[in-house]
Amino acid sequence: MERKFVLHFPPTLIDKPIISELVRKYDLQFNILKAYITPEEEGNLVLALKGEEKNLDKAVNELEKIGVKVQFLKAEVKMIEEKCIHCTVCIPLCPTSAIYYEKESLSVKFDPEKCIACGMCIKACPTKAMVLTI
Ligand code: SF4
Ligand code: SF4
């Protein structure tokens, strides 16, 4: 199974190889969707972790134990393709490049695997083609 999280690392943990160790220990696969540091020097990582459910639970427990704040991303965003007019307004707003322009089909595409449900495209879309499903 796959779960998406936002992880908040305190400044003391920013430079530690926590995720790579966790991935090895619990046989997980990871995909970093976004990484940034706040002005308060808190490290934030939006990532998808894939693996067995019990291993994902153990990994989350371990993160919380060492002081990482774990926020689950439950909401999902969907593109209603019939409503999209391919205006491209949403593309530069998407922080993870989940929405992109496909030259071959001359159309705007959506990759739900990369979406972190930030809602930027939903606010900007003139035709309400991007919607929250949960
Ligand atoms: S909600 Fe929209 S803007 Fe935000 S990551 Fe998903 S596709 Fe990109
Ligand atoms: S803003 Fe809406 S209509 Fe325009 S490309 Fe994005 S999803 Fe399609």
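Here, residues in each chain are numbered from 1, in the same order as that chain's written sequence. Just so you know, chain letters begin at A and ligand numbers begin at 1, following the order they were written in. Predicted model: local features are reported for residues with pLDDT of at least 70 only, side-chain atom pairs are reported and counted for 80 or more only, and whole-chain, interface and lining totals are derived from all residues. Side-chain measures were taken over the full set of non-hydrogen atoms in the model, leaving aside hydrogen atoms and water.

Q: Is there a simple way to think about helix H2 (residues 53–65) in this case?
A: Since one α-helical turn is 3.6 residues long, residues separated by three or four positions face the same way. Numbering of helices and strands runs from the N terminus, with a helix taken as a DSSP run of H or I at least four residues long and a strand as a DSSP run of E at least two residues long. One less than the number of residues in a helix, times 1.5 Å, gives the span that helix is expected to have. In this model, H2 (13 residues) spans 18 Å end to end at C-alpha, consistent with the 18 Å of a helix rising 1.5 Å per residue. Among the residues of H2, those classed as buried are Asn-55, Leu-56, Ala-59, Val-60 and Leu-63. One face of H2 carries all of its buried residues, which in axial projection span an arc of 140 degrees. Looking at H2, the residues exposed on the side facing more than 90 degrees away from the buried face are Lys-54 and Lys-65. Buried residues in H2 make contact with strand E1 (2–9), helix H1 (18–25), strand E3 (43–50) and strand E4 (69–72). Just downstream of H2, Gly-67 is the residue with a positive phi angle, here 105 degrees. Burial classification: accessible surface area is computed with a 1.4 Å probe over protein chains only, and a residue below 20% of its type maximum counts as buried, one above 50% as exposed, and the rest as partly exposed. Directions drawn from the helix axis to the C-beta atoms are what define this arc. Every residue pair with non-hydrogen atoms within 4.5 Å of one another is taken to be in contact.

Q: Help me understand the site of ligand 1 in this model?
A: Residues are classed as near a molecule or strand on a simple rule: at least one heavy atom within 4 Å of it. Near ligand 1 there are 14 residues, and of these Cys-94, Cys-115, Cys-118, Gly-119 and Cys-121 occur at the shortest range. Split into classes, the residues belonging to the shell around ligand 1 amount to 12 nonpolar, 2 polar and no charged. Residue polarity is assigned by list, with Asp, Glu, Lys and Arg as charged and Ala, Val, Leu, Ile, Met, Phe, Trp, Tyr, Cys and Pro as nonpolar; anything else, Gly included, falls into the polar class.

Q: Which parts of the structure should I look at to understand a nonpolar patch on the surface?
A: For patches, a residue must show more than 30% relative accessible area and have no salt bridge; joins then use 9 Å for like charges and 5 Å for nonpolar side chains, namely Val, Leu, Ile, Met, Phe, Trp and Tyr. Computed by Shrake-Rupley with a 1.4 Å probe, the accessible areas treat only the displayed protein chains as cover when residues are assessed. For salt bridges, the criterion is a side-chain nitrogen of Lys or Arg within 4 Å of an Asp or Glu carboxyl oxygen. A contiguous nonpolar surface patch, about 210 Å² in accessible area, is contributed by Val-89, Leu-93 and Met-120. Along the polypeptide, Val-89 turns up in the loop between strand E5 (77–79) and strand E6 (99–102). Relative accessible area serves as the criterion here: at 39%, Val-89 is assigned to the partly exposed category.

Q: Any chance you could explain the sheet that holds strand E2 (residues 29–37) here in plain terms?
A: Note: strands within a sheet are paired through backbone hydrogen bonds, in either parallel or antiparallel orientation. Pairing between two strands is assigned when DSSP locates at least 2 bridges connecting them. In spatial order, the strands read E2-E3-E1-E4; together these 4 strands make up an open sheet with antiparallel pairing. The outermost strands of the open sheet, each flanked by one partner alone, are E2 and E4. The sheet shows a mean angle of 25 degrees between the axes of neighbouring strands, taken without regard to direction. By the bridge criterion, 8 bridges tie E1 to E3 in an arrangement that is antiparallel. Across the sheet, residue Leu-7 finds its bridge partner in E3, namely Leu-45. Where helices are involved, their axes are fitted lines through C-alpha atoms of the stretch in contact, as for all axes, and angles between N-to-C directions lie from 0 to 180°. Where H2 meets the sheet, it contacts E1, E3 and E4, and its direction lies at approximately 5 degrees from that of E1.

Q: I'm lost on the environment of Ala-124 in this one. Help?
A: Its location among the elements puts Ala-124 in helix H3 (residues 120–124). Put simply, Ala-124 and Lys-83 are 41 residues apart on the chain and 14 Å apart in space, counted from C-alpha to C-alpha. Residue contacts for Ala-124: discarding those within four places in its chain leaves Val-89 and Leu-93.

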